[in-house]
Amino acid sequence: MAAKYILARSAGFCFGVERSIRMAEEALDSGACRCLGELIHNRDAVSSLEKKGLSVIEKVSELPEGERVIIRAHGVSRVVYDELKNRRAGVIDATCPLVERIHKIVREESEKGRQIVVIGDAEHPEIRGICGWCTGAFYALFTAALDEWLSTSVEMPEKPLSVVFQTTQIQANHILAEKILKKRCTNFKIFDTICGATSKRQREATSLAGICDAMIVIGGAHSANSLHLAELCREKCASVFFVADASELDTSRLPGEGRIGITAGASVPSWIIKEVVKKMSDEIKVEQTTAEEVAATAAEETAHVEAEPAAENAAAENHIEHLERRSHRIDRENLPCHQLDGRADPVDLHIRPARQEHHGAEHGGSNSAVDHQTLRRLVSLVIVFAAEPLPNDHARRL
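Just so it is clear, the model here is predicted, and its values are computed rather than measured.

Asker: Lay out the pairing of strand 10 (residues 214-218) in plain terms, naming residues and giving numbers.
Answerer: Of all five residues that make up strand 10, five are buried, and the element is covered over most of its length. Side chains Ala214, Ile216 and Ile218 of strand 10 all project onto a buried face; the interleaved residues Met215 and Val217 project onto the opposite face, where all are buried too. Here strand 10 pairs with strand 11 (residues 240-243) via four bridges, running parallel. Across the sheet, Met215 pairs through a bridge with Val240, a residue of strand 11. Viewed along the sheet, the connection from strand 10 through helix 9 (residues 224-236) into strand 11 turns out right-handed.

Asker: If you had to explain the packing of aromatic side chains to someone new, which residues and values would you point to?
Answerer: Tallied over the entire structure, the rule returns two aromatic pairs. Centroid distance Tyr81 to Trp133: 6.0 Å. Interplanar angle 65°. Geometry classified as edge-to-face. On the criterion of sequence distance, the pair formed by Tyr81 in helix 3 (residues 78-86) and Trp133 in the loop between helix 5 (125-131) and strand 7 (138-140) is long-range, its members being 52 residues apart. Trp133 gets classed as buried once you look at its relative accessible area, which sits at 13%. Measuring from centroid to centroid gives 4.0 Å for Phe138 and Trp149, while their planes differ by 5°, and the two rings are stacked. Here Phe138 is found in strand 7, whereas its partner Trp149 is found in helix 6 (residues 143-152), with eleven residues between them in sequence. Looking at Trp149, the relative accessible area reads 17%, which means it is buried.

The rules behind each value
Residues numbered from 1 in each chain as written. Predicted model: local features only at pLDDT ≥ 70, side-chain atom pairs only at ≥ 80, totals over all residues. Heavy atoms only, no water. Buried < 20%, exposed > 50% of the residue type's maximum accessible area, 1.4 Å probe, protein only. Helix = DSSP H or I, 4+ residues; strand = E, 2+ residues; numbered from the N terminus. Pairing = 2+ DSSP bridges. Right-handed = clockwise from strand over helix to strand, strands pointing away. Phe/Tyr/Trp six-rings, centres within 6.5 Å; stacked < 30°, edge-to-face > 60°.

Rendered as structure tokens:
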């Protein structure tokens, strides 16, 4: 049987990245252009844009005076805008609107005299840009660092704090940060600045990882949101493959049966995802399915499992009644009870009903015991009609 793959609906470009790509392509329609840093964290997409005339610079000083430049979705600091203005650059601002909102928050909160706290990767360009719109920001990659900072500072717990998050952070960090702040601080504001599309992608990836035998996460090695996806998937699935594109995927390591989930970071173009799927289809036998189809199949299997014991028990009851009609010699009520409690059972009876009512409580599973009265009836009849075993393996060793 072929393995089945499930492609996450949220895989690929987010709104901010898609917007920046579109703006870059429109700019390139009228000639070559420069970009301050790589437009997105995807080498294939960046290479494709370079072929169209987009060149990458790392510093404003590298930009010829008066030339056009694109500010990528991650955004930049206020100082960078001033430097570009001084060079009379033609600025094409592709900063993600969600990132711009964080810039506005930290600027306004900082102007009110509040301490800015940023939860995110200090080395990420988005964080460098955010910190450039306020003064004296404290940043922490992990909430544990925030807890340590607050617990070792004398004045900080009393100081007014305003907290924001890198847009690609996981929601668990928001929850943990809020708990820490409630425990340590008396005056704080917490702003949920995590991208909604990022949260949705993370939730879907987590759900997929929980029902799949393997997960493929497509994304760049420097992409924060892609790395978070892989991290979340590893919590639910033992076999996770992180690849930048189809060339990095070793299909021989994928399971030949079962389910394979596929998701991709916000900087991954649809054509890269399609190439990964095509490589799987070319090299191993795979068929596409959806999470909804998996859920429907699981529901059908559950219904079948629940219905099967009822049918088996009904068949056993019918067979017992058949034997009872043939027997008039057994006084079942005189059968010694100790033969039913397992201490001196001469019959060694094994019965396999999956669900029975016993003193008002429901017992499930293939090893559940039938009620006492049924055992008495069945053992009595087996003693007389041992040569006529019950059907469907209800009595396997007599």
